[in-house]
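# Residue-level structural notes
Residues per chain are reported as follows:
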Amino acid sequence: MKKYLFILSILLLHTSCEDIIEPELNTAETKLVIEASINWIKGTSGNQQFVKLSLTAPYFDSTIPPANGATVVITDQYNVVYNFVEEGTTGIYKNTEFVPIINNTYSLKITYADEVYIATETLKSVVPIDYVGQTLEGGFSGEDTELKAYYTDPADETNFYFFEFISDIPAIPTLAVYDDKYNNGNQIFGFYSEEDLDVGDQVTIRNHGISERFYNYMFILLQQNSNGGGPFEPHPTTVKGNCINQTNPDNFPLGYFRLSEVAEVIYTIQ
């Protein structure tokens, strides 16, 4: 009996000694976050596009504040102007008349809180996905589902690719970037592995044509999060995109302006 009373007193002691710790975190100036990915999926008109603007928030905040009331304009190299209008107060700015043209150069201009942000990028093409191969016995355990999305790289030109693998497991897409430095003109593949996928589950596979600058930007983001976090988790260092604050260069934004043709396949695990 004394033994059990002793154990109970130890448990009560540990319970009564618990303290709530509220760490004091450093604060930083709020920055504009620009998610301006113009994606033209093969076989569609590409007319409906959007730009998402938000603001950075403290680490423990559960919501991301939208950047409302901005003026968002994209202009192509022939001076055709596309105005993006905010949908309510969502921070999502839409245009339904956008005309994507391969190798066309586009300029983004955002006016927000009396400051002007600009960026310029070229719409890059992409080859189709030839086919998808799978195995249900991959990984170190031999129980992972592995997918290989094969595509044929064009010969005699330099190409860069950005892959997304999207499924309900996990909630965050798997992202990867590739170049053709050692595979120019050959059939190569984007790779995906997930242990919890079952027969009948669907995976959306998207391969984007991208510029070398975006390849380098995303490569650094993914390297910084190789411990399992997503590309939008906190980073050891700030990685700057191609968006510039023209009014106040020191108050640089986060994010990137990218234009891509996209090859998409919705694959069902067999």
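Residues numbered from 1 in each chain as written. Predicted model: local features only at pLDDT ≥ 70, side-chain atom pairs only at ≥ 80, totals over all residues. Heavy atoms only, no water.

The protein goes by DUF4249 domain-containing protein in an unreviewed UniProt entry, where it is assigned to Gelidibacter pelagius.

The subject of this paragraph is the overall build of the protein. A count of helical and extended segments in the protein gives 2 helices and 15 strands. Accessible surface, the protein: about 16200 Å² in total, of which carbon and sulfur atoms supply 52%. (Helix = DSSP H or I, 4+ residues; strand = E, 2+ residues; numbered from the N terminus. Areas by Shrake-Rupley, 256 points an atom, 1.4 Å probe, with all protein chains shown as cover.)

This next bit is on the pairing of strand β5 (residues 92-95). Judged by which residues are buried, β5 turns out to be one-sided: Y93 and N95 face inward and are buried, whereas I92 and K94, on the alternate face, are not. With 4 bridges connecting them, strand β2 (residues 49-55) and β5 associate as antiparallel partners. Across the sheet, the residue bridging to V51 is Y93, located in β5. Of the pairings in the sheet, the one linking strand β4 (residues 81-86) to β5 comprises 2 bridges and is antiparallel in character. (Buried < 20%, exposed > 50% of the residue type's maximum accessible area, 1.4 Å probe, protein only. Pairing = 2+ DSSP bridges.)

Moving on, we come to the pattern of salt bridges. Taken as a whole and assessed by the stated rule, the structure comprises 3 salt bridges. Between K42 and E261 there is a salt bridge, and its shortest N-O distance comes to 3.1 Å. Here E261 lies in strand β15 (residues 254-268) and K42 lies in the loop between β1 (32-41) and β2, a separation of 219 residues in the sequence. Owing to a relative accessible area of 32%, K42 belongs among the partly exposed residues under this scheme. Accessibility expressed as a relative area gives 11% for E261, which makes it buried. A salt bridge links K94 to E87, with the nearest nitrogen and oxygen atoms 3.1 Å apart. (Salt bridge = Lys/Arg side-chain N within 4 Å of Asp/Glu carboxyl O.)

A word on the sheet that holds strand β13 (residues 202-210). Two orientations exist for strands paired in a sheet by backbone hydrogen bonds: parallel and antiparallel. Ordered in space as β11-β10-β13-β15-β1-β2-β5-β4-β3-β6-β7-β14, the 12 strands form an open sheet in which the pairing is mixed. Either end of the sheet is taken by a strand with one partner, and the two such strands are β11 (174-179) and β14 (244-245). As paired strands, β13 and β15 are joined by 7 bridges and run antiparallel to one another. Across the sheet, residue V203 finds its bridge partner in β15, namely Y267. Against the sheet, helix α2 (residues 212-224) contacts β10 (160-166), β11, β13 and β15, and its axis sits at roughly 135° relative to β11. (Contact = heavy atoms within 4.5 Å. Axes fitted to C-alpha atoms, helices over the stretch in contact; angles between N-to-C directions.)

Here we take up the nonpolar core. In this structure, L32, I34, L53, V72, F84, I110 and F257 are the most contacted members of the largest nonpolar core, which totals 26 residues. Of all the secondary-structure elements, those providing two or more residues to this core are β1, β2, β3 (71-76), β4, β6 (105-112), β7 (115-122) and β15. With 5 residues, the single largest contributor to this core is β1. In this structure, V127, V203, I205 and A263 belong to the second largest nonpolar core, which totals 18 residues. (Core = buried A, V, L, I, M, F, W, Y, C linked by side-chain atoms within 4.5 Å.)

Taken together, the 7 bridges between strand β8 (residues 129-138) and strand β9 (residues 144-152) define a ladder with antiparallel strand orientation. Across the sheet, G138 pairs through a bridge with D144, a residue of β9. Between β8 and β9, which pair antiparallel in sequence order, lie 5 residues; one of them, G139, sits at a positive phi of approximately 75°.

The strand order across the open sheet formed by 3 strands is β8-β9-β12, and the pairing between neighbours is antiparallel. Every other strand in the sheet has two partners, leaving β8 and β12 (187-194) as the edge strands with one partner each. On average, each strand axis in the sheet is inclined to that of its neighbour by 20°, with strand direction left out of account. As paired strands, β9 and β12 are joined by 8 bridges and run antiparallel to one another.

Right, let's get into unusual backbone geometry. Even without a glycine there, the phi angle at N103 is positive, about 65°. Structurally, N103 is set in the loop between β5 and β6. Judged by relative accessible area, N103 falls into the exposed class, the value being 52%.

It should be kept in mind that the predicted coordinates are not to be read in detail where pLDDT is low. Taken over all residues, the pLDDT of the protein has a mean of 88, while the share at 70 or more is 85%. In the model, residues 1-16 has pLDDT below 50 throughout and makes 0 contacts with residues more than four positions away in sequence or in other chains. (pLDDT = per-residue confidence, 0-100.)

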